[in-house]
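Survey of secondary and tertiary structure
Residue-level listing of the chains:
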Amino acid sequence: MGGHRYEEELSLYDPSLLLGLDFFRSPAGFNPRISAAVPGETWLKVRPLQTGDYNRGFLQILSQLTKVGDVSLTQFLNRFAQMRASGDYYVTVIVDTRHDKIIGSATLVLERKFIHGCGTRGRLEDVVVDDTYRGKQLGKLIVVTVTLLAEQLGCYKMSLDCKDKLIPFYKSIGYALEPGNANTMNIRYENGTISANRTGANCKPDDTEPS
């Protein structure tokens, strides 16, 4: 894929949105100072997901985060088209242009609400950076990028779920645990069965039923 012309590919969203992000608005400390427009190395590029990224290892980088499964090119392109048509998905990647390879990714998902005056809530999902690129502040860079993007798109709030060990990292870039709202609970639909996965103790469903 070396020498591939990026301009011939479709981007998931308008790349110019990343150029206007003001990294000085973020409490994250970068040393040296970097941004989505100037990521620190001349061979690094931060941009939206593109149609050709199937062949640049996008799914392989996601597999460092969780189970991806056997996704064909056709499936990838169909899902890309669905996300692009909805306008609510902002998958952002970091590329090592020397090798034409995806080395990091994070996703901003927009949730459109009736509350907050028909406001929009942002969700941070699927954050991953290749371990071999540690020391270049890329995890912080990709998270701050999509966080600032959520603000630029008019979100009233940005939310995320993370493992306990990552709480200090997210606190360092401005995220905060909210008292009384620090639990993550899920129902998973896998293999034809429903399984519960919850974090937090002393849950009392009878006492907390919505009324």
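The structure contained in this document is the topic of the report that follows. (Residues numbered from 1 in each chain as written. Predicted model: local features only at pLDDT ≥ 70, side-chain atom pairs only at ≥ 80, totals over all residues. Heavy atoms only, no water.)

Looking at the overall build of the protein chain
Keep this limit in mind: Secondary structure elements are taken from DSSP: a helix is a run of H or I of four residues or more, a strand is a run of E of two residues or more, and numbering for both begins at the N terminus. Only protein chains enter the accessibility calculation, which uses a 1.4 Å probe; a residue whose area is less than 20% of its type maximum is buried, one above 50% is exposed, and one in between is partly exposed. Contacts were defined at the residue level, with two residues in contact if any of their heavy atoms lie within 4.5 Å. Residue exposure ignores everything except the shown protein chains as possible cover, and the areas themselves are Shrake-Rupley values with a 1.4 Å probe.
Along the backbone of the protein chain there are six helices and seven strands. Across the 211 residues that make up the protein chain, the buried fraction comes to 37%. Pairs at least 24 residues apart make up 66% of the contacts formed inside the protein chain by residues separated by at least 6 positions. As presented, the protein chain carries roughly 13100 Å² of accessible surface, and 49% of it is formed by carbon and sulfur atoms.

Examining helix H5 (residues 138–152)
What counts here: Expected helix span is given by 1.5 Å per residue-to-residue step, counting one fewer step than there are residues.
Here H5 spans 21 Å end to end across 15 residues, near enough to the 21 Å set by a 1.5 Å rise per residue. For H5, the full list of buried residues reads Leu138, Leu141, Ile142, Val143, Val144, Thr145, Val146, Leu148, Leu149 and Ala150. Positive backbone phi, approximately 90°, marks Gly154, located one or two places after H5.

What to know about the nonpolar core
The condition is simple: Here, nonpolar core means buried Ala, Val, Leu, Ile, Met, Phe, Trp, Tyr and Cys residues that are tied together by side-chain atoms lying within 4.5 Å of each other.
Ranked by internal contacts, the top residues of the largest apolar core, which has 49 residues, are Phe23, Leu49, Phe58, Leu108, Leu124, Leu138 and Tyr175. Looking at this core, the elements with two or more residues in it are strand E1 (44–48), helix H2 (58–62), helix H3 (73–86), strand E2 (89–96), strand E3 (101–112), strand E4 (120–129) and H5. Tallying contributions element by element places H5 first for this core, with nine residues. For Phe58, the residues in contact, after removing those within four places along its chain, are Leu49, Asp53, Phe76, Val91, Val93, Ile102 and Ser105.

Looking at unusual backbone geometry
Backbone geometry follows two general trends: most residues other than glycine have a negative phi, and most peptide bonds adopt the trans configuration. The step from Asn31 to Pro32 runs through a cis peptide bond, and the omega angle for that step is 5°. By secondary structure assignment, the location of Pro32 is in the loop between helix H1 (16–19) and E1. The backbone of His116 sits at a positive phi, close to 55°, despite the residue not being glycine. Among the secondary structure elements, His116 is positioned in helix H4 (residues 115–118).

Observations regarding the pattern of salt bridges
We count it as follows: When a carboxyl oxygen of Asp or Glu lies within 4 Å of a side-chain nitrogen of Lys or Arg, that pair is called a salt bridge.
All chains considered together, the criterion is met by 12 salt bridges. Notably, a salt bridge pairs Arg112 with Asp88, separated by 2.6 Å at the nearest N-O pair. One end of the pair, Arg112, is in strand E3; the other, Asp88, is in the loop between H3 and E2, with 24 residues separating them in the sequence. According to the relative accessible area criterion, Arg112 is exposed, its value standing at 56%. Two residues, Glu111 and Arg123, come together in a salt bridge whose shortest N-O distance is 2.8 Å. Linking Glu111 in strand E3 with Arg123 in strand E4, this pair joins segments that are 12 residues apart in sequence. Connected via shared salt-bridge partners are Glu9, Arg47, Asp53, Arg56 and Asp100.

Focus: the side chain of Arg56
We apply this condition: Nitrogen and oxygen atoms within 3.5 Å of one another constitute a polar contact, given that in protein one can donate a hydrogen and the other can accept it, and given that sequence-neighbouring residues count only through two side-chain atoms.
Along the chain, Arg56 falls in the loop between E1 and H2. In this structure the side chain of Arg56 is engaged in a polar contact, spanning 2.8 Å, whose partner is the side chain of Asp53. At 2.9 Å, the side chain of Arg56 forms a polar contact with the side chain of Asp100.

Things to note about the sheet that holds strand E5 (residues 157–159)
Heads up, the condition is: Note on pairing: DSSP must find at least two bridges between two strands before they are called paired. Axis definition: a line fitted to C-alpha atoms, over the contacting stretch in the case of helices. Angles run 0 to 180 degrees between N-to-C directions.
The strand order across the open sheet built from five strands is E1-E2-E3-E4-E5, with neighbouring strands paired in mixed fashion. Every other strand in the sheet has two partners, leaving E1 and E5 as the edge strands with one partner each. Across this sheet, the average inter-strand angle for adjacent strands is 20°, counted without regard to direction. As defined by bridge partners, E2 adjoins E3 across eight bridges and the pair is classed as antiparallel. Among the inter-strand pairings, Thr92 is bridged to a residue of E3, identified as Ala106. On the sheet, H5 packs against E1, E2, E3, E4 and E5 and is oriented at approximately 150° with respect to E2.

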